[in-house]
Amino acid sequence: CLLRFKDVPSDDPIGDENYFVGRRRLFQAIVQGKFKEELPLSDVLTGHEFTRPLQRLPPKWMVRAGTNLIRRLAPGTEFRLNETQPRALAV
């Protein structure tokens, strides 16, 4: 697992600077591993789950446009943004 956070000291300051310079990125998370048992790829999900409701979302039309675009690029993506524990998951 690799985690990088903008403006947080690390053991690779040059790599961090190269990753964040000139971009509006705030963090990077990379996870690599191996499943302990074989399973169909259709059972694997990627995405984000949040423990609190999202705040200060853009206007509804903008959220809808963004989610529609993502659904076209990644069919099967599920968005539940207006719940107490929002999530965006893709197969």
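Our structure is the block above this text.
Right, let's walk through the structure included here. Everything quoted here is computed from the prediction, not taken from an experiment.

### Looking at helix α1 (residues 13–20)
- For α1, the full list of buried residues reads Gly15, Asp16, Tyr19 and Phe20. Burial along α1 is one-sided: seen end-on, the buried residues are contained in an arc of 120°. Away from its buried face by more than 90 degrees, α1 exposes Pro13, Ile14, Glu17 and Asn18.
- Structurally, α1 contributes buried residues whose contacts are with β1 (2–5) and β2 (27–30).
- In the segment just after α1, glycine 22 is the residue with positive phi, at about 75°.

### Points about unusual backbone geometry
- Residue aspartate 7 is not a glycine yet carries a positive backbone phi of 65°.
- Of note, aspartate 7 is situated in the loop between β1 and α1.
- In this structure aspartate 7 comes out as exposed when scored by relative accessible area, which is 73%.
- Despite not being glycine, arginine 56 has its phi angle at roughly 55°, a positive value.

What counts, and at which threshold
Residues numbered from 1 in each chain as written. Predicted model: local features only at pLDDT ≥ 70, side-chain atom pairs only at ≥ 80, totals over all residues. Heavy atoms only, no water. Buried < 20%, exposed > 50% of the residue type's maximum accessible area, 1.4 Å probe, protein only. Helix = DSSP H or I, 4+ residues; strand = E, 2+ residues; numbered from the N terminus. Arc of directions from axis to C-beta. Contact = heavy atoms within 4.5 Å.

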